[in-house]
Every structure is written in C-alpha cells, then in structure tokens.
Amino acid sequence: NTMSTVLITGASNGIGEACARLLAKKGYDLILTARNTYKMETIRQAILEDYDVHFDIIKCDLAVLDSAQELYNEVNRRHLDVDILINNAGFGDQGAFLESDWQKQKEMVLLNVMSLIQLSYLFGNQMKDKGQGRILNVASIAAFCSGPYMSIYYATKAFVLSFSDALSRELEGTGITVTCLCPGPTATGFMERANLGDSPMFSFFKPAHATDVAKLGLKAMFKGKTLVIHSVGGHLLNLAVRVAPRVVVEKCMVYVNGKRTID
C-alpha cells in the first residue's frame, strides 16, 4: 500500500485540523485547503516542527460554485497525487428557514453538498484509475432525522450520509473505500458560526474533543468501514429514529435546536 498524500478540506480548525495533525504523525503528506491562509500557515509551522512531511496549502472557498473544480485543477497543476480525500468543510445555521439569510442557506448547500460530491467525483475517478484510495466524508448525527430550526443543515447532512452509503456500495471491490463520520456536538468553531452558543443541545451532550472525533473517523476510514458514529447521543438518536414515531423525534429536535430568534 503506497498511499501517502491526504487532501483535507475545512482544515483550518476543528476536526480537519485534528486530522492533519494525526496524519502527519503517521507520516502522511498533507494538502490543506480552507479560506483562512493564516490559520493554515500556523498549523503548517506547528506540524513541520514535529514531523518531516510534505505540506501544501491551497486557499479556496468551497461555498462558491465550481470552486471544487478549481481546487482539483490546482492540485494537479502542482503535480500532487491525492490518495485520501477528507471532505470535512461544512457549516450550519440556526433559525426559522423563512426568516433566514438566503445567501447563507445557498452557500451551506454549495459547501456541505455540492463541493463534497464534486470533489468525490473528481478525485474518486483519479483513485479509480489507480485502483486504490480512501474518502472520508464528515456528516453529523443530524443526518439521522429532520431538524426544525436547522432545516438546511440537517438536510445537507442526511444527503452526505445517503450519498456516502451508496458510493461505498458502488465502489466495493475497487480498492476504494468511502467512510461517513457522524459526530455529535464537537468543540470546534461550528457552534459560533451556527449561533448555537446557548442551545439546549450542548447542555444535553457535552461537546466532544475534535481530536477524539478525528481519531475515531480515521480509524474507521483505514478499516474501510462505511459508517462511524461518535458519541452516545448519536447512537441513541440513530436508535430513536428507528423506533420512535417521526413526529416525536421532530418535536424533540424543535426543542433541542431551540425555537429562538436570532437578532
């Protein structure tokens, strides 16, 4: 097995950054992409102090249509060979859909869904030509049910889970594996961006550490598992949606996501 280079999206903090550090420790070369070059440079300096790996940074805003194609082109222009793709970039928003910022919802779908499938398509075909590769898609326990007051976010994560499951089946026996990681609440910049600071979700479920979530996801990816759930809450929710009436689960989510207005 000669896999050596990993491309990580949304790599400037949280789970993406944790994956970068853990993979550098294993000796993998890294390509990090995010909007914040300064943060990625800081991560690069810290990692290169400890590990002797090749490290590329590509500034890219994957919430823009077809920026995934531009990222792919840039990776090829630099003659980099991606063996592992980690689709980690994503964000959420909280509030009633009809009162939400349309541009923000649109960008959420472009980032959480469109860029993820476009990168999977482009790099997946490259992996297919080589006969080996791994894809890790970061979804959420939000993928298991609908989420009133975070409707688009939950729907995008349900898409990621469904897509990952299907692609994993299609690629059986090709040497390429697809793994979907479903974390519960995690201590990252996500909470601030999604306006979730005072959400009941974080009083029920203590946010996990990004490194623990990344460790679990990478372990499952290297084993070729299709689905991995981090957090007891995630396992319980996955079980609840199978046994409880949908309306009960949905009413619970109204409470958890908080029927609150954002100023």
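Cut-offs and rules
Residues numbered from 1 in each chain as written. Predicted model: local features only at pLDDT ≥ 70, side-chain atom pairs only at ≥ 80, totals over all residues. Heavy atoms only, no water. Helix = DSSP H or I, 4+ residues; strand = E, 2+ residues; numbered from the N terminus. Buried < 20%, exposed > 50% of the residue type's maximum accessible area, 1.4 Å probe, protein only. Contact = heavy atoms within 4.5 Å. Polar contact = N/O pair within 3.5 Å; in protein donor to acceptor, adjacent residues only side chain to side chain. Axes fitted to C-alpha atoms, helices over the stretch in contact; angles between N-to-C directions. Parallel < 35°, antiparallel > 145°, perpendicular 65-115°, else oblique. Left-handed = near helix turned anticlockwise from the far one by under 90°. Nonpolar A, V, L, I, M, F, W, Y, C, P; charged D, E, K, R; others polar. Pairing = 2+ DSSP bridges. Salt bridge = Lys/Arg side-chain N within 4 Å of Asp/Glu carboxyl O. Phe/Tyr/Trp six-rings, centres within 6.5 Å; stacked < 30°, edge-to-face > 60°.

S.K.: Looking at this model, I keep getting lost on the environment of lysine 39. Mind explaining?
M.R.: Residue position: lysine 39 is located in helix H2 (residues 37-50). With relative accessibility at 35%, the residue lysine 39 sits in the partly exposed group. Between the alpha carbons of lysine 39 and asparagine 13 there is a distance of 7.8 Å; along the sequence they are 26 residues apart. Aside from chain neighbours lying at most four places away, what touches lysine 39 is Ser12 and Asn13.

S.K.: What's the story with the side chain of glutamine 118 in this structure? I'm lost.
M.R.: Checked against the element boundaries, glutamine 118 lands in helix H4 (residues 102-130). One polar contact links glutamine 118 to aspartate 66, side chain to side chain, over a distance of 3.0 Å. The contact partners of glutamine 118, leaving out residues within four places of it in the chain, are Asp66, Ala68 and Gln69.

S.K.: Mind showing me how you'd approach the packing of helix H1 (residues 14-25) against H2 here?
M.R.: Relative orientation of the contacting elements H1 and H2 amounts to 20 degrees, with a least axis distance of 10 Å. Taken together, the axes of H1 and H2 are roughly parallel relative to one another. Both H1 and H2 take part in a crossing whose hand is right-handed. Listed contacts from H2 to Glu17, Ala20, Arg21 and Ala24 of H1 are Ile43, Ala46 and Ile47. Here the contact of H1 with H2 is composed, by residue class, of five nonpolar, no polar and two charged.

S.K.: So what exactly am I meant to see when it comes to the sheet that holds strand E7 (residues 227-229) here?
M.R.: Pairing between the strands of a sheet comes from backbone hydrogen bonds, and it takes one of two forms, parallel or antiparallel. The strand order across the open sheet formed by seven strands is E3-E2-E1-E4-E5-E6-E7, and the pairing between neighbours is parallel. Either end of the sheet is taken by a strand with one partner, and the two such strands are strand E3 (55-59) and E7. On average, each strand axis in the sheet is tilted by 15 degrees relative to the strand beside it, whichever way the strands run. Sitting on the sheet, H1 touches strand E1 (5-9), strand E2 (29-34), strand E4 (84-87) and strand E5 (133-138), and the angle it makes with E1 is about 165 degrees.

S.K.: Where do I start with the pattern of salt bridges in this structure?
M.R.: Oppositely charged side chains are able to pair whenever their charged atoms sit close together. A complete count under the given rule lists nine salt bridges for this structure. Across the pair aspartate 81 and lysine 130 runs a salt bridge, and its minimum N-O distance is 3.2 Å. Pair noted here: aspartate 81 is in the loop between helix H3 (67-77) and E4 and lysine 130 is in helix H4, with a separation of 49 residues, a long-range link. The partner of aspartate 93 in a salt bridge is lysine 104, and the shortest N-O contact between them spans 3.2 Å. Remark: lysine 104 occurs in helix H4 and aspartate 93 occurs in the loop between E4 and H4; sequence separation between them is eleven residues. Among the residues examined, aspartate 93 registers a relative accessible area of 9% and is labelled buried. Because the salt bridges share partners, they merge into one network encompassing Asp56, Glu74, Arg77 and Arg78.

S.K.: Would you mind showing me how to read the packing of aromatic side chains here?
M.R.: For any pair of aromatic rings, the description consists of the separation of the ring centres together with the inter-plane angle of the planes. Inspection of every chain in the model, using the stated rule, returns four aromatic pairs. Considering the side-chain rings of tyrosine 153 and tyrosine 154, the 6.2 Å spacing of their centres and the 80 degrees angle between planes classify their relative orientation as edge-to-face. Here tyrosine 153 and tyrosine 154 have matching classes, each one buried. Ring geometry for phenylalanine 159 and phenylalanine 163: centres 6.2 Å apart, planes at 20 degrees, overall stacked. Highlighted residues: phenylalanine 159 and phenylalanine 163, both in helix H5 (residues 151-170), separated by four residues, approximately one helical turn. Of the residues examined, phenylalanine 159 reaches a relative accessible area of 35% and is grouped as partly exposed.

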